[in-house]
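Single-letter residue listing:
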Amino acid sequence: METLQEFLLEKGYTKVKLKLTKTNHFEIKATLNGVQGLFILDTGASSSCVGFDAVDTFKLDAKESLIKAAGAGAIDMDTQVAKKNVLKIGKWKNEKVALILFNLTHVNTALITHNAQPVDGIIGADILKKSKAIIDYEKRYLYLKM
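Values in this document were obtained by computation on a predicted structure and should not be read as measured data.

## Focus on helix α2 (residues 105-113)
- Turning to α2, its buried residues number three or more, namely Val107, Asn108 and Leu111. Along the long axis of α2, the arc covered by the buried residues comes to 90°, so they all point the same way.
- Residues of α2 that are buried sit in contact with β4 (35-41).
- Count one or two residues on from α2 and you reach Asn115, which has phi positive near 55°.

Set out below in structure tokens:
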């Protein structure tokens with residue numbers, strides 16, 4: 001019998017290793033505009049996000065946004081938006097990714113408190129849908145359609 005991995009690779013997916021943190025989140029390395037960063041994979045986040053402090057690091061063209069962000073215990077946070085970014089996760093690549101920028105301090109404070117590494121951002125459902133993502137929780141792989 002064919003394994004899930006064999007089946008998906010045959011169907012044109014690429015696989016990326018996920019690391020489970022002490023906070024029970026999956027951590028993933030991704031390259032944003034040519035710069036590698038550390039992200040949390042969050043199926044419950046509607047949009048992928050990056051912290052305000054990473055604007056220069058990832059060469060983001062931030063524009064004001066009227067959207068207010070809410071999540072992880074914080075509500076009504078100011079945001080900015082950065083469009084047309086190049087995101088690379090493993091061999092998967094998309095050159096028109098829009099990201100929401102907001103204050104990630106509360107997220108990183110929680111991670112650090114639990115002895116986990118701070119992250120640059122969150123890969124959310126928008127990217128997961130775009131890449132037709134499949135998560136293998138048991139083997140800790142993310143599969144993305146090329």
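After presenting the structure, the write-up continues.
## Quick notes on the pattern of salt bridges
- Within the structure shown, the criterion is met by three salt bridges.
- Measuring nitrogen to oxygen at the nearest pair gives 3.7 Å for the salt bridge that ties Glu27 to Lys19.
- Between Lys63 and Asp61 there is a salt bridge whose closest N-O contact spans 3.2 Å.

## A word on the nonpolar core
- By size, the foremost hydrophobic cluster in this structure holds 26 residues, and its most contacted members are Leu60, Leu87 and Ile89.
- Of all the secondary structure elements, the ones that give two or more residues to this core are β3 (26-32), β4, β7 (74-89), β8 (92-102), α3 (125-130) and β11 (141-145).
- Beyond its immediate stretch of four places on either side in the chain, Ile89 contacts Val16, Ile28, Lys29, Ala30, Ile123, Ile127 and Leu144.
- By size, the runner-up hydrophobic cluster in this structure holds 13 residues, among which are Leu38, Val81, Ile100 and Leu104.

## Focus: the environment of Arg140
- Its place among the elements puts Arg140 in the loop between β10 (134-136) and β11.
- Counting along the chain gives 125 residues from Arg140 to Lys15, while the straight-line C-alpha distance between them is 10.0 Å.
- Those residues within four positions of Arg140 in sequence are excluded, and the remaining contacts are Val16, Lys17, Leu18, Leu20 and Phe26.

Rules used throughout
Residues numbered from 1 in each chain as written. Predicted model: local features only at pLDDT ≥ 70, side-chain atom pairs only at ≥ 80, totals over all residues. Heavy atoms only, no water. Buried < 20%, exposed > 50% of the residue type's maximum accessible area, 1.4 Å probe, protein only. Helix = DSSP H or I, 4+ residues; strand = E, 2+ residues; numbered from the N terminus. Arc of directions from axis to C-beta. Contact = heavy atoms within 4.5 Å. Salt bridge = Lys/Arg side-chain N within 4 Å of Asp/Glu carboxyl O. Core = buried A, V, L, I, M, F, W, Y, C linked by side-chain atoms within 4.5 Å.

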